[in-house]
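# Chains, contacts and geometry: an overview
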Amino acid sequence: MDDRRWTAVRSSAPVFVLVSGWRVDPDGTARASLRCAGTRSGAAEVTASAKAPDVAGAARTAFTLHVSVVPYTTQG
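Described in the following lines is the structure provided in the data block. A quick note: this is a predicted structure, and the numbers were derived from the prediction, not measured. Counting starts from 1 at the beginning of each chain's written sequence and moves along it residue by residue. Reporting of local features is limited, given that this is a predicted model, to residues whose pLDDT is at least 70; pairs of side-chain atoms are given and counted only at 80 or more, and all residues count toward the totals for whole chains, interfaces and linings. The side-chain quantities take in all heavy atoms of the structure and omit both hydrogens and water.

### Topic: the nonpolar core
If you look at the biggest cluster of nonpolar residues, it comprises 10 residues: V9, A13, F16, V17, V19, A44, V46, A48, V67 and V69. Counting only elements with at least two residues in this core, the list comes to β2 (17–24), β4 (42–51) and β5 (60–69). The numbering of helices and of strands both runs from the N terminus, where a helix is a DSSP run of H or I of at least 4 residues and a strand a run of E of at least 2. Tallying contributions element by element places β4 first for this core, with 3 residues. Only heavy atoms matter for contacts: two residues are in contact if any of them lie within 4.5 Å across the pair. Among residues more than four places away in sequence, those in contact with A44 are S11, S12, A13, V17, L65, H66 and V67. Think of a nonpolar core as a cluster: buried Ala, Val, Leu, Ile, Met, Phe, Trp, Tyr and Cys residues, connected wherever their side-chain atoms sit within 4.5 Å. Whether a residue is buried, partly exposed or exposed follows from its accessible area with a 1.4 Å probe, protein chains only, as a fraction of its type maximum: under 20%, in between, or over 50%, in that order.

### A look at the sheet that holds strand β1 (residues 5–11)
Strands sit in the order β1-β4-β5 across an open sheet of 3 strands; the sheet is antiparallel. Here the strands that pair on one side only, and so sit at the sheet edges, are β1 and β5. The sheet shows a mean angle of 15 degrees between the axes of neighbouring strands, direction not considered. Strands pair, by our definition, only if DSSP identifies at least two bridges between them. Here β4 pairs with β5 via 9 bridges, running antiparallel. Lines fitted to C-alpha atoms define the axes, with helix axes restricted to the stretch in contact, and inter-axis angles between N-to-C directions lie between 0 and 180 degrees.

Shape descriptors only; they carry no functional weight alone.
This is how it looks when you write it as C-alpha cells:
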C-alpha cells in the first residue's frame, strides 16, 4: 500500500485501445478494462495518473503501458 490516490486512466489512441470500466475501490486499488480494435492495427500508450493526498496540484503519470494492436488474419 502506498500513499498514491489514483485519479484517471486514459489512452493516447482510443480508436485502437479504449479504456472503459474505470473505478477506484475502497481499498485504494484501481481497475480499468482495455478493449482493442480487432480490425485495425496500431499502437497506444495507456497512462494512469495518481497523486499523493496531501500534495496540491495536478496528478502525475504513475505508469505507462505501451500497447500494440495486431489484427488476427482472416484468411490463410
